[in-house]
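Architecture and fold: a report
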Amino acid sequence: MEGVWEIFKSIMGFVFGNLFIWNMLFAIVIVFFERRNPKSVWAWLLLLFFLPYVGFIFYLLVGQTMRKQKMFKVKELEDQLNEAIRQQENQIKSKNLENLDEDIQGYTDLIMYNLETSGAVLTDDNDIDVFVDGGEKFEALLEDMRNAEHFIHLQYYIIKNDVLFHRIKEVLIEKAAQGVEVRILFDGMGARSVRGKCWRELNAKGIQTAEFFPALLGRFQLRINYRNHRKIVVIDNKIGYVGGFNVGKEYIDLDEKFGHWRDTHLRIQGPAVLGLQLRFLLDWNYAAKENLLQRPELFDGLALGTRDSCEVQIISSGPDNTAQQIRDNYLQLFHKAEKSIYIQTPYFIPDESIFNALLIAVRSGIEVNLMIPCIPDHPFVYWATYSYVGDLVMAGAKCYTYDRGFLHSKGVIVDGEVFTYGTANMDIRSFALNFEVNAVVYNAAKAREMEEIFKQDLENCTQITRDLYAGRNLIIRMKEQVCRLMSPLL
């Protein structure tokens, strides 16, 4: 044992004894071999050279970039998917839009972009229920799962082994015993508090589980910077869920630290559910090494909506792709806005193009409304957020802090015509590092409903006025400056 300890000490002595050389090597890699944003490059260089030990360890844990290569293959569905994509592309290019609702006449370029980059087929005849309360969302989900006949697919970034997951497990175990196929996909970082014993017990009950980017030796995360942040549930292809709620007691208001948890989740019935199903199956195939795309019955059972007639695209993005699809959707929507923009996000650390688009909108007379939490769950991220919010306030935007509890809702509404909600925050991490999924909904009635929900939230908000922001104390100003400098790394 002493020999092993001596070898370990010699290795660590060699590594840290040559720290300057390692820092130089990392700096060369960052500057010459990785296609990073220039701001990110400078932030890493500053960290490596001014805090060499901290920077060295931090780079090993979170600094490496993923190669921009497709991790998820759709070979089995390429012919069918490409045919649907080509049909819609030809329809748009030929201006043959009589079959498309008038709500989306001005968004055909965005639809085309999503077709090209995400393979996101536009579907109609979708019904959408909006949940802003975790208790109501999970009660509906539990009831839908109880009614499942063929399969239940659950994917969450965070799963905690507490009272909420216990309730979900009871239903899933019961349905598995009835012969319903049950699959749970979880992120290795987000569900790290759930022990392997719990997953093995579920496996023994007939529930299949898979871990996305599992930890090394059970605890050590080499890909800490790249997380699967998606939250998807698909039940029999009849019902799909997507949004911000994870699985934990705080999401149903049982954690005193956060109080009321304000989030947004969409329950979809209609053809768009197949978009969520495809996204789940692709993620499952990668994590479980099981090709479910060869199971055509997993795409059967579709039921059309009969109430809202919403046209929807399911879009996804991740570090395996050169395009940042969800970020580009936000950007396109901001540029297309003519009257109003409503944004809810827990973290607001935009890249330069997103930030400039919002500044241009404000200075062009467009009403820009931004809502963030008043409670910081990540202090560095919060103060970086506050600095960007302050710049928008000074430019004339209306910005608010949600005071009733923690705001975790993630979405954008434009001109009372179109909205996109899902899992992606308005920050660089969601744009470039995390695996995300959003629904883009083209329906004026539903978009106005989302606007009304935003306005109702204003009753629990404080507006950040120019005077309020200008009057912040020296300590807050220092926090903002430091955190904003580090924002490319957050």
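So, here's what we can say about the structure.

Rules and cut-offs
- Residues numbered from 1 in each chain as written.
- Predicted model: local features only at pLDDT ≥ 70, side-chain atom pairs only at ≥ 80, totals over all residues.
- Heavy atoms only, no water.
- Helix = DSSP H or I, 4+ residues; strand = E, 2+ residues; numbered from the N terminus.
- Buried < 20%, exposed > 50% of the residue type's maximum accessible area, 1.4 Å probe, protein only.
- Contact = heavy atoms within 4.5 Å.
- Areas by Shrake-Rupley, 256 points an atom, 1.4 Å probe, with all protein chains shown as cover.
- Core = buried A, V, L, I, M, F, W, Y, C linked by side-chain atoms within 4.5 Å.
- Axes fitted to C-alpha atoms, helices over the stretch in contact; angles between N-to-C directions.
- Parallel < 35°, antiparallel > 145°, perpendicular 65-115°, else oblique.
- Left-handed = near helix turned anticlockwise from the far one by under 90°.
- Pairing = 2+ DSSP bridges.
- Right-handed = clockwise from strand over helix to strand, strands pointing away.
- Phe/Tyr/Trp six-rings, centres within 6.5 Å; stacked < 30°, edge-to-face > 60°.
- Lys NZ or Arg CZ within 6 Å of the ring centre and 35° of its normal.
- Salt bridge = Lys/Arg side-chain N within 4 Å of Asp/Glu carboxyl O.
- Expected span 1.5 Å × (residues − 1).

This brings us to the overall build of the chain. A count of helical and extended segments in the chain gives 17 helices and 18 strands. Put simply, the chain has 490 residues, and 55% of those count as buried. A separation of at least 24 residues holds for 80% of the contacts in the chain among residues at least 6 apart in sequence. For the chain, the exposed area adds up to about 22000 Å²; of that, 56% sits on carbon and sulfur atoms.

Moving on, we come to the nonpolar core. In terms of nonpolar packing, the biggest core is built from 94 residues, with Phe 138, Met 145, Ile 159, Ile 168, Phe 334, Ile 341 and Phe 348 touching the most fellow members. Residue contributions to this core peak at 9 residues, all from helix α13 (residues 379-395). In this structure Ile 159 touches Phe 165, Ile 184, Phe 186, Gly 190, Ala 191, Ser 193, Val 194, Trp 199 and Val 247, once residues within four positions along its chain are discounted. Counting 45 residues, the second largest nonpolar core, distinct from the first, contains Phe 213, Leu 266, Leu 293 and Ile 453.

Moving on to the packing of helix α7 (residues 134-146) against helix α8 (residues 163-177). Between α7 and α8, the least distance of the axes is 9 Å, while the angle of their chain directions is 10 degrees. On the basis of the axis angle, α7 is roughly parallel to α8. Relative to α8, α7 is oriented so that their crossing is left-handed. On the side of α7, the interface is formed by Phe 138, Glu 139, Leu 142, Met 145 and Arg 146, while α8 contributes Leu 164, Arg 167, Ile 168, Val 171, Leu 172 and Lys 175.

A word on the pairing of strand β2 (residues 151-156). With 6 of 6 residues buried, β2 lies mostly within the body of the structure. Of the two faces of β2, the one holding Phe 151, His 153 and Gln 155 and the one holding Ile 152, Leu 154 and Tyr 156 are both buried throughout. The pairing of β2 with strand β3 (residues 181-187) spans 6 bridges and is parallel. Bridge pairing in β3 places Gln 155 opposite Leu 185. Running through α8, the crossover from β2 to the neighbouring parallel element β3 is right-handed. With 4 bridges connecting them, β2 and strand β5 (residues 232-235) associate as antiparallel partners. The residue of β5 that forms the bridge with His 153 is Val 234.

Per the stated rule, a full pass over the model turns up 20 aromatic pairs. Each residue in the set Phe 212, Phe 213, Tyr 286 and Phe 435 is aromatic and connected to the rest through ring pairs, giving one cluster. Here the guanidinium or amino end of Lys 137 rests over the ring plane of Phe 138, the centre of that ring lying 3.8 Å away. Positioned over the ring face of Tyr 286 is Lys 289, at 4.9 Å from the centre of the ring.

Scanning all chains against the criterion turns up 20 salt bridges. Between Glu 367 and Lys 398 there is a salt bridge, with its nearest N and O atoms 3.9 Å apart. Of the two residues, Glu 367 is situated in strand β11 (residues 367-373) and Lys 398 in strand β12 (residues 398-402); the sequence distance between them amounts to 31 residues. Take Glu 367: its relative accessible area is 30%, and that puts it in the partly exposed class. Taking relative accessible area as the criterion, Lys 398 reaches 36% and is therefore assigned partly exposed. What you see here is one network of salt bridges that share partners, running through Asp 129, Asp 144, Arg 267, Arg 307, Asp 308, Lys 446 and Glu 449.

Along the chain, Asn 246 turns up in the loop between β6 (239-243) and β7 (260-269). When near neighbours in sequence (up to four residues on either side) are disregarded, Asn 246 contacts Phe 138, Tyr 156, Tyr 157, Ile 158, Leu 164, Lys 231, Tyr 251 and His 408.

The subject of this paragraph is the environment of Phe 380. Among the secondary structure elements, Phe 380 is positioned in helix α13. Taking the relative accessible area as the measure of exposure, Phe 380 reaches 53% and is therefore exposed. A C-alpha to C-alpha distance of 8.5 Å links Phe 380 and Glu 480, two positions 100 residues apart in sequence.

Taking burial as the measure, the 7 residues of β3 include 6 buried ones, the bulk of the element. The sheet contact formed by β3 and strand β4 (residues 208-212) spans 5 bridges and is parallel. Pairing of Leu 185 across the sheet is with Ala 210, part of β4. In this fold, β3 hands off to helix α9 (residues 196-204), which returns the chain to β4; that crossover is right-handed.

Attention now moves to the environment of Phe 454. Within the secondary structure, Phe 454 sits in helix α15 (residues 444-457). Through-space distance from the C-alpha of Phe 454 to that of Asn 369 is 9.4 Å; in sequence the pair is 85 residues apart.

This brings us to α8. For α8, which comprises 15 residues, the first-to-last C-alpha distance of 22 Å matches the rise-based estimate of 21 Å (1.5 Å per residue) to within 8%. Burial in α8 covers these residues: Leu 164, Phe 165, Ile 168, Lys 169, Val 171, Leu 172, Lys 175 and Ala 176. In this fold, the buried residues of α8 make contact with α7, β2, β3 and α9. Just downstream of α8, Gly 179 is the residue with a positive phi angle, here 95 degrees.

Looking now at the packing of α8 against α9. Where α8 meets α9, the closest approach of the two axes is 11 Å, and the angle between their N-to-C directions is 20 degrees. Between α8 and α9, the crossing angle belongs to the class labelled roughly parallel. Relative to α9, α8 is oriented so that their crossing is right-handed. The segment α8 lies against α9, with Phe 165, Lys 169 and Ile 173 engaging Cys 198, Trp 199 and Leu 202.

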